[in-house]
Every structure is written in structure tokens, then in C-alpha cells.
Amino acid sequence: MKKYTLIQYLTLALILMMGMAFQACEDNNAITFNDVPVVEGYLYADNPVELKISRKSPFADDLNLDPADLDKLDIRIKTGNQFYNLIPQGAGIYRIGNDGLQIKVGETYQLEFEFQGKTVSAETKVLAKPEGFTQDATSIKIPQISFPPSGSLNFPDPVKFSWSNPDLTYYLLVVENTETDPDPIFDLSMFGGGNLPSRLFRVEPTQNNSFEINSRQFQYYGQHRVILYHINPEYALLYQDSGDNSQNLKSPPTNVKNGLGIFTAISSDTLYLNVTQ
């Protein structure tokens, strides 16, 4: 599912950082490994349920943990008075069974399972789809940029995206080029033959009701998908606290009790913007 993949891409570095956080801040003279699960769970209205369980990386070379243990958990999701069991798929991935769970806007969902003698739990609510999502341009023209530059370059005005946000909740804007083989805006020699620029970029979570995207943020020509995610505070906190200072290493943000990671619900709406030369 495309929406799910995008969010996993956005949070991968954050989840990995949380898995390393305790390793970085422990006193090497008094190491005691605490086996802690790392949860990656995202719920969408009218979409299948899938989550992944991994574990904090051990920092002792002689400590062997069986990865198969992550596929033997009894994971349940509760809504109202009803529990639904998740079925292991391998590699720590769990999906909902054929017992009829439907994720609905406005409902609260609770995750629960036992791990190393402790109850791991988390809770989230499915937010409404963004309302009034609009843009003030559907196409922009950006000159190709060579190195060294030749002549003056005229860039278009920023594109403004707006939405309704009377209750000042959190939103995240993600822009992704959808072309199979897009033409780059920048001369690729500027990157020294290394990795090409990403086709995707995002804007920090905001409680505003609009954001302007500067033309210099685009790396490729062609059609771009602009996705506005309505996110819960737990995801915004995870994103905002993803820096590498010592405080973050000691206290990685999470909404999972007796674990790390995130269990959250997300809704979205999509617009399109074409970038031409």
C-alpha cells in the first residue's frame, strides 16, 4: 500500500535511532541489556492493519537473541469491548486476521501484547481526513540548473498549500515525484557521481493551516504527488525530537508503554503538482 510505504520511509531513521539510543547512552562499565520491543504501527481508515515488531540492538557481542521470538507474540488490538488478533507473517511483521476489524475515523484503538514478562501497550485515535486541502498552482516552471551556472535564472513564486485547521492539530506535508525515470533539475555532475537526490521530501509537522513550498526544494521535473497527512501528537513529537543531542539519546520519544517506537493513526489527502522546464 503506497500510503503505508511513505510513512515507513519517513520514520525509518527515527525508529532506528530509538533502537540505538540506549546503546549510546549506557555506561560501558556497567552494561545490562534490557530486551525491549520496538513497535512500528500505523492505522488508516478503511485500510488493512499491519505492524512490525523489532528489538533494541544489543551492544554485547556475546549476546545472541533469536529473531524468531518476534514471530511468536500474541498481539491484539482492542477497540470498544472487542479484541482482534494479529497473525505473524515472518520477520516481525503482523497483520490482522479474517475477523472483521475495520479501522474507522474517530475510533480509538489499543495495542497490547506480552514481551519478556511485561505488558506492552499503546493507544491512538484515527483522525479525520484533512479538509479543504487546496493549492494556488497546479504547475510551475523551473529552469534547468547546470554547473557552472550560465546567465541569470528566474524561479517561480512558491506554491501555497492550504487546509482547514480550526483546532490547531498537527499536519505533515510530503512531496514525491511519481515519474518512472524523471529528468533531474540539477546537473548531476554537481553530485560528484554519488547517490542521486531523493525523489521525496517533506515538511516538518505544523499546527498551521498552510505552507509554501519553494521551487528550489524540487529535484526533478514531472508530476509530483503532494500528500497532506493529519497526524497525532505522538508522531509529531517523534519527528520533532529526532535530533542527535545527548538528551534525545537518553530519552527517545515513544508512545509505547514498556517498549519503544510508535503506534499511531494517520489520515491523508492528495493533490498533484507538475514541474516543467
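Source: prediction; values computed, not measured. (Residues numbered from 1 in each chain as written. Predicted model: local features only at pLDDT ≥ 70, side-chain atom pairs only at ≥ 80, totals over all residues. Heavy atoms only, no water.)

**Some remarks on the overall build of the chain**
For step 1, the next point in the chain: Counting secondary structure elements, the chain contains three helices and 15 strands.
For step 2, the next point in the chain: Residues counted as buried form 42% of the 277 residues belonging to the chain.
For step 3, the next point in the chain: Considering only intrachain contacts with a sequence separation of at least 6, the fraction spanning at least 24 residues in the chain is 74%.
For step 4, the next point in the chain: As presented, the chain carries roughly 14400 Å² of accessible surface, and 46% of it is formed by carbon and sulfur atoms. (Helix = DSSP H or I, 4+ residues; strand = E, 2+ residues; numbered from the N terminus. Buried < 20%, exposed > 50% of the residue type's maximum accessible area, 1.4 Å probe, protein only. Contact = heavy atoms within 4.5 Å. Areas by Shrake-Rupley, 256 points an atom, 1.4 Å probe, with all protein chains shown as cover.)

**Here we look at unusual backbone geometry**
Glycine aside, the phi torsion of most residues is negative, and most peptide linkages are trans.
For step 1, the next point in the chain: The phi dihedral of Gln116 is positive, around 55°, even though this residue is not glycine.
For step 2, the next point in the chain: In this fold, Gln116 is placed in the loop between strand 6 (108-115) and strand 7 (118-125).
For step 3, the next point in the chain: Positive phi, normally seen in glycine, also occurs at Leu168, with a value near 55°.
For step 4, the next point in the chain: By the element assignment, Leu168 lies in the loop between strand 10 (159-162) and strand 11 (170-177).

**Some points on the confidence of the model for the chain**
For step 1, the next point in the chain: In this model, the chain carries a mean pLDDT of 83, and residues with pLDDT of at least 70 account for 74%.
For step 2, the next point in the chain: Low pLDDT, under 50, characterises residues 22-30; the stretch is placed with 10 contacts to residues that sit more than four places away or in other chains.
For step 3, the next point in the chain: Within the model, the stretch residues 243-250 combines pLDDT values under 50 with nine contacts to residues more than four positions away or in other chains. (pLDDT = per-residue confidence, 0-100.)

**Some words on the pairing of strand 4 (residues 82-90)**
Both faces of the sheet carry side chains from a regular strand, because those side chains alternate between them.
For step 1, the next point in the chain: Sheet analysis places strand 3 (residues 76-79) next to strand 4, joined by four bridges and oriented antiparallel. Residue Thr79 lies in a different strand from strand 4, and its bridge partner there is Gln82.
For step 2, the next point in the chain: Following strand 3, the chain reverses through two residues before pairing antiparallel with strand 4; Gly80 in that reversal takes a positive phi of roughly 65°.
For step 3, the next point in the chain: Here four bridges tie strand 4 to strand 5 (residues 93-96), and the two strands are oriented antiparallel to one another. (Pairing = 2+ DSSP bridges.)

**Regarding the environment of Ser162**
For step 1, the next point in the chain: Note that Ser162 resides in strand 10.
For step 2, the next point in the chain: For the pair Ser162 and Ser210, spaced 48 residues apart in the sequence, the C-alpha separation amounts to 4.1 Å.
For step 3, the next point in the chain: Excluding residues within four positions of it along the chain, Ser162 makes contact with Gly132, Phe133, Thr134, Asn209 and Ser210.

**Some points on the packing of aromatic side chains**
For step 1, the next point in the chain: Throughout the structure, instances matching the rule amount to four aromatic pairs.
For step 2, the next point in the chain: Measuring from centroid to centroid gives 6.4 Å for Phe133 and Trp163, while their planes differ by 65°, and the two rings are edge-to-face. Pair noted here: Phe133 is in the loop between strand 7 and strand 8 (134-135) and Trp163 is in the loop between strand 10 and strand 11, with a separation of 30 residues, a long-range link. Of the two residues examined, Phe133 and Trp163, each falls in the buried class.
For step 3, the next point in the chain: Members of the aromatic cluster, connected to one another through ring pairs, are Phe133, Phe161, Trp163 and Tyr171.
For step 4, the next point in the chain: Over the ring of Phe83 we find Arg76, and its NZ or CZ is 4.0 Å from the ring centre.
For step 5, the next point in the chain: Here Arg216 stacks its cationic end above the ring of Phe155, 4.0 Å away from the centre of that ring. (Phe/Tyr/Trp six-rings, centres within 6.5 Å; stacked < 30°, edge-to-face > 60°. Lys NZ or Arg CZ within 6 Å of the ring centre and 35° of its normal.)

**Concerning the sheet that holds strand 13 (residues 210-213)**
For step 1, the next point in the chain: The three strands lie next to each other as 8-10-13, forming an open sheet whose pairing is antiparallel. The sheet is open, and its two edges are formed by strand 8 and strand 13, each paired on a single side.

**Section: the environment of Asp74**
For step 1, the next point in the chain: Within the secondary structure, Asp74 sits in the loop between strand 2 (50-55) and strand 3.
For step 2, the next point in the chain: Note on Asp74: relative accessible area 53%, which makes it exposed.
For step 3, the next point in the chain: The spatial distance from the C-alpha of Asp74 to the C-alpha of Pro88 is 9.0 Å, given a sequence separation of 14 residues.
For step 4, the next point in the chain: Not counting chain neighbours up to four residues away, the residues in contact with Asp74 comprise Asn85, Glu112 and Phe113.

**Observations concerning the pairing of strand 10**
For step 1, the next point in the chain: The alternating pattern of strand 10 places Val159 and Phe161 on a buried face and Lys160 and Ser162 on a face that is not buried.
For step 2, the next point in the chain: As judged from the two bridges shared by strand 8 and strand 10, these two strands associate in the antiparallel manner. Counted as the bridge partner of Gln135 is Phe161 from strand 10.

**Digging into the nonpolar core**
For step 1, the next point in the chain: Ile53, Ile75 and Phe113 are the most contacted members of the largest nonpolar core, which totals 25 residues.
For step 2, the next point in the chain: Secondary structure elements with two or more residues in this core: strand 1 (37-43), strand 2, strand 4, strand 5, strand 6, strand 7 and strand 15 (260-276).
For step 3, the next point in the chain: Within the second largest apolar cluster, 23 residues are counted, among which are Ile140, Leu173, Phe186 and Leu271. (Core = buried A, V, L, I, M, F, W, Y, C linked by side-chain atoms within 4.5 Å.)

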